[in-house]
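In case you want the letters, here they are:
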Amino acid sequence: MATLRKAPLPYDHLAVEQKWQHRWEADGLYRTPDDDPRPKWYALTMFPYPSGDLHIGHWFMYSAPDAYARYMRMRGYNVLFPMGFDSFGLPAENAAIRNQTPPGEWTYANIERMRRQFRSMGTVIDWEREIVTCDPSYYRWNQWLFLKLYEAGLAYRAEAPVNWCPGCQTVLANEQVLNGKCERSGDPVERREMEQWFFRITAYADQLLDFSGLIDWPEPIKLMQTNWIGRSEGVDVSFDISEYGLDVTEISTFTTRIDTVFGVTFLALAPEHPLVSRLATPERRADVEGYADASRRQTEIERLSTEREKTGVFTGAYAVNRLNGERVPILSADYVLLSYGSGAVMGVPAHDERDFEFAAKYGLDVRVVVAPPQWSPRDALDAAYVGREGTQVNSGEFDGLPAREGYEAIADKIEREGWGRRTVSYRMRDWLISRQRYWGAPIPILYCDGCGAVPVPEEELPVLLPEGVHFLPTGESPLKRHDAFVNAPCPACGGAARRETDTMDTFVDSSWYFLRYLSPDYDDAPVRDDHARKWLPVDQYMGGAEHAVMHLLYSRFFTKALRDVGVVELDEPFSRLFNQGMILSGHAKMSKSRGNVIAPDDYVRRFSADVVRLYLMFIGPWEQGGDWSDSGINGVARWVSRLWELCQRDPASLPAQGAADGALMRKTHQTIRRVLADIERFKMNTAISALMELSNELARAYDDGAASQAAWRDAVEKLLLLLAPLAPHLAEELWERTGRPYSVHQQPLPEWDAALAAEEEATLVVQVNGRPHQRPRRHQ
RNA sequence: GCCGAAGUGGCGGAAUGGCAGACGCGACGGUCUCAAAAACCGUUGGGGGCGACCCCGUGCCGGUUCGACUCCGGCCUUCGGCACCA
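Residues numbered from 1 in each chain as written. Chains lettered and ligands numbered in written order. Predicted model: local features only at pLDDT ≥ 70, side-chain atom pairs only at ≥ 80, totals over all residues. Heavy atoms only, no water.

For the rest of this paragraph, the subject is the overall build of chain A. The number of helices and strands found in chain A is 25 helices and 31 strands. Its C-alpha atoms give chain A principal-axis dimensions of roughly 105 × 85 × 50 Å. Here chain A holds 780 residues, and the buried ones make up 55% of them. Residue pairs at least 24 apart in sequence account for 75% of intrachain contacts in chain A once pairs closer than 6 positions are excluded. As displayed, chain A offers around 33,800 Å² of accessible surface, 49% of which is attributable to carbon and sulfur atoms. Mean positive and mean negative side-chain charge positions of chain A (87 and 110 charges, respectively) differ by 5 Å. (Helix = DSSP H or I, 4+ residues; strand = E, 2+ residues; numbered from the N terminus. Buried < 20%, exposed > 50% of the residue type's maximum accessible area, 1.4 Å probe, protein only. Contact = heavy atoms within 4.5 Å. Areas by Shrake-Rupley, 256 points an atom, 1.4 Å probe, with all protein chains shown as cover. Lys, Arg positive; Asp, Glu negative; His and termini not counted. Charge placed at Lys NZ, Arg CZ, Asp CG, Glu CD.)

Structural data, given as structure tokens:
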């Protein structure tokens, strides 16, 4: 901290801040009563993982929401602003493996430290409502909710190809794989065939695409969710393979371009498609199975690489295109994904870029069936024509129709003939929630040889995580080797059964945590009905955009699913959403290896929590993040020092009438208007700069003796009220020292008067040819 | 490749159709001091002029408008998301 300002603040900030923190807590100033008659406002910020320290990113993330919550309180709302810890997860387990400390011990020690650090911020958080997701009193309800979804058919177990992270020794949900790598550890993800638990989020795809229940969400987040869900309308059309005498007589394919079906020159099946090996002719079998094995062995990264040349292999079999009776070859190709549509594609090289590239490589025919404008039958295509504008050609009875009409006419015929039907496909997959790790909520299921998968009865919840387990360096879950945990009687038949040893994805915990704050100690349900009715939905949610398709989508799904099983009456969890940006240091992400980590505690000791908070908000618009600079925080400390001195000036020496009274009042009302509007929109940076301007003007007016005592007192009072949400300790201390009644945080916000805020004289700018001309002198 | 966001002084940023650069940082000059730090005062987009002032300037090229950082079209760069989704 070499460049930091050496002079401390002109007051003992540590003593002042502790004094008020204790007083507020002793008075229960920030308790949120459930029976308060004022209108409710549920403000929520994403809760942290208890990694050990409240770092500067947390301070950045919580300063603006705290100011916002305080602002809403002063606007007269009964504001709920709770906090908790998202405390299941891998770091605790990795720490346990490293030093053989139980994950719970490590986690709770971290939570304790972070609670202290949180308190040093001086937030408005109601700690009586704190929740800790790794606590049995919380995860009991996680398990209970799982059972509700299970009963409703929304939780199911299935064998499926899954993403396996070798580093984390567990499977991952699709959303948790980025570019073929584990979102957490960065290890390349492998494909495995495993029996796992899923939540049927796809059943809600259309509801999740409907954002009409939201009041104000960033458009980019809605768009990301829309793209992630990836709804496509198209047609399922089948091709005849009855000539092979199998029990399966047709292959179904999904297409969004049924207008191009007369251009089909091959069929491509995913290598894992069950029909591939059955259709392969004896002489092709070895090649086909070798190809399937090779694609199975590829990692996600290799398979997903778009630069890679498409590969495939001929099965030796043919399928009949029922629209024109043609026999087309069936190939197996790894650009076809088993998990999308039916895992089979009708190949139309003339009108699909991928099919075109594939056909070029394997010498397959290219037949134009949607003629581009200005196209002549003699023209060969040098690329696929994917436009929807064009005329049907080579398409039998549909020739001459515009392709858009051809699409409908062909779809009608297919439905009439029973060859297929219009349908919708989604990119989104069901949510894989099994994790092969210890530190999570156990999935409350038993396996019995006689009865199969049996849910743990509600009254036996929670299924407790056993303590005192031994961790192997491989990361393998100790639950698997824990006989006392695994062996349990079957609830159905009383015979010997084995417990599920997988735990739930920690995103399950955070999908409903906003409910538990409403009745954290309630024992009969995850949330009390009357409390849910009073407080929900969350009015303003705040947090990082990195959760666009994970936490935010999961929470929306959970809310709708819990509504449907009767737990809550709610369509959307979060009415308004605001995303903050990221705090950087030296224009780079903070990391230990870069050595650019900013430790907030050091700065708090030197400058006060208020200065750190003010600086983090002053650095720029909250949604854009910002770059930490030591000289920047010096500037805020300087301003706080000036404010301290300024607000305590003795007005006794001021006159009864001041020459600048009008100007001062105008500035005061303009400042109120600006600050209120800015905090509302999370533009804390401009709210603070407006206060700086007002304080500058106040200082000038005092020095010039141009303010009356009354105007001075009024302006200082409004300045302190506006400062209260942004610098709560400083405002409270100055409020007291200027003889005003405790507490500034129980005062209403000042109001502004449009007439008083209006400029008294307008400057008329004369423009000639659009340029200012003869700029008038400004009158002082 | 597709989708989205953003490009403004030395730096963080302000202004979303009306005097570009508020507020702050940094820098420079000054006051105080034996000296320095801190604090305080002043100057600070670039260029020109002794001066009142003048010219240029918001990533690039065009357009709309009396007037564009702001709206429209096309490009460039950076960041974020998705990435063979048929």
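What follows continues from the structure just given.
As defined by bridge partners, strand β21 (residues 445–448) adjoins strand β24 (residues 496–499) across three bridges and the pair is classed as antiparallel. Paired with cysteine 448 across the two strands is alanine 497, which belongs to β24. As paired elements, strand β23 (residues 487–489) and β24 share three bridges and run antiparallel to each other. Paired with proline 489 across the bridge in β24 is alanine 496. In sequence, β23 turns back onto β24 through a hairpin of six residues, with glycine 494 there showing a positive phi of about 80°. (Pairing = 2+ DSSP bridges.)

Note that β21 and strand β22 (residues 452–455) share four bridges and pair antiparallel. Bridge pairing in β22 places cysteine 448 opposite glycine 452. The loop that links β21 with its antiparallel partner β22 comprises three residues.

The four strands are arranged β2-β1-β26-β27 in an open sheet whose pairing can be described as parallel. The open sheet terminates on both sides in strands that have one partner only, identified here as β2 (78–80) and β27 (574–580). Direction aside, neighbouring strands of the sheet carry axes that sit 20° apart on average. Sheet contacts for helix α17 (residues 551–564): β26 (538–544) and β27; angle to β27, the most-contacted strand, approximately 170°. (Axes fitted to C-alpha atoms, helices over the stretch in contact; angles between N-to-C directions.)

For the rest of this paragraph, the subject is the packing of aromatic side chains. A complete count under the given rule lists 46 aromatic pairs for this structure. Taken together, a centroid distance of 6.3 Å and an interplanar angle of 40° make the contact between tyrosine 68 and tyrosine 71 tilted. Residue tyrosine 68 and its partner tyrosine 71 are both found in helix α2 (residues 56–74); the two are separated by three residues, about one turn of the helix. For tyrosine 68, a relative accessible area of 2% corresponds to the buried category. Put simply, the rings of Phe146, Tyr150, Trp197, Phe199, Tyr204, Trp431, Phe507, Tyr554, Phe557 and Phe558 touch in pairs and so form one group of aromatic residues. Over the ring of tryptophan 24 we find arginine 70, and its NZ or CZ is 5.5 Å from the ring centre. Sitting over the ring of tryptophan 735, arginine 740 keeps its end group 5.6 Å from the ring centre. (Phe/Tyr/Trp six-rings, centres within 6.5 Å; stacked < 30°, edge-to-face > 60°. Lys NZ or Arg CZ within 6 Å of the ring centre and 35° of its normal.)

Below, the discussion takes up the confidence of the model for chain A. The share of residues in chain A with pLDDT of 70 or more is 95%, and the mean pLDDT across the chain is 92. In this model residues 774–780 is a low-confidence stretch, pLDDT under 50, and it forms three contacts with partners more than four residues away in sequence or in other chains. (pLDDT = per-residue confidence, 0-100.)

This part takes up unusual backbone geometry. For the bond from leucine 536 to proline 537, the omega torsion is -5°, close enough to zero to count as cis. Note on placement: proline 537 falls in the loop between α16 (529–535) and β26. In this structure, serine 743 follows tyrosine 742 across a cis peptide bond, with omega equal to 0°. Within the element layout of this structure, serine 743 appears in the loop between α24 (728–737) and α25 (754–757). Even without a glycine there, the phi angle at serine 608 is positive, about 100°. Mapped onto the fold, serine 608 is located in the loop between α18 (600–607) and α19 (609–618).

Of note, aspartate 66 is situated in helix α2. In this structure aspartate 66 touches Phe81, Gly122, Thr123, Val124, Ile125 and Arg613, once residues within four positions along its chain are discounted.

Soluble, globular proteins show a tendency: their nonpolar side chains are buried together. Grouped together as the largest cluster of nonpolar side chains are 185 residues, with contacts concentrated most on Tyr42, Phe146, Phe199, Trp431, Tyr513, Phe514 and Phe558. In terms of residues, this core owes the most to one element, α2, which gives 12 residues. The residues touching phenylalanine 514, leaving out its near neighbours within four places in the chain, are Tyr42, Leu44, Leu536, Val538, Ser555, Thr559, Leu570, Pro573 and Phe574. Membership of the second largest hydrophobic core comes to 36 residues, among which are Val237, Phe262, Ala317 and Ala319. (Core = buried A, V, L, I, M, F, W, Y, C linked by side-chain atoms within 4.5 Å.)

Another point: the pattern of salt bridges. In this structure the tally under the stated criterion is 59 salt bridges. The salt bridge partner of glutamate 195 is arginine 157, with a shortest N-O separation of 3.4 Å. Placement of glutamate 195 in strand β9 (residues 190–199) and of arginine 157 in strand β5 (residues 155–165) is noted, with a sequence separation of 38 residues between them. The exposure class assigned to arginine 157 is partly exposed, which follows from its relative accessible area of 31%. The partner of glutamate 309 in a salt bridge is lysine 361, with the nearest N and O atoms 2.9 Å apart. Separated by 52 residues along the polypeptide, glutamate 309 in the loop between α10 (300–304) and β13 (312–321) and lysine 361 in helix α11 (residues 353–362) bring together distant segments of the chain. Relative accessible area serves as the criterion here: at 49%, glutamate 309 is assigned to the partly exposed category. Residue class for lysine 361 comes out partly exposed when judged on its relative accessible area of 38%. Connected via shared salt-bridge partners are Arg31, Asp34, Asp126, Glu128 and Arg129. (Salt bridge = Lys/Arg side-chain N within 4 Å of Asp/Glu carboxyl O.)

A separate point is the sheet that holds β9. The strands that make up a sheet pair up through hydrogen bonds in the backbone, lying either parallel or antiparallel. In spatial order, the strands read β6-β5-β9-β19; together these four strands make up an open sheet with antiparallel pairing. Pairing within the sheet leaves two strands with one partner each, and these edge strands are β6 (170–172) and β19 (431–432). In terms of strand pairing, β9 meets β19 through two bridges, oriented antiparallel. Across the sheet, the residue bridging to phenylalanine 198 is leucine 432, located in β19. Contacting β5 and β9, helix α5 (residues 136–151) runs over the sheet at an angle of about 90° to β9.

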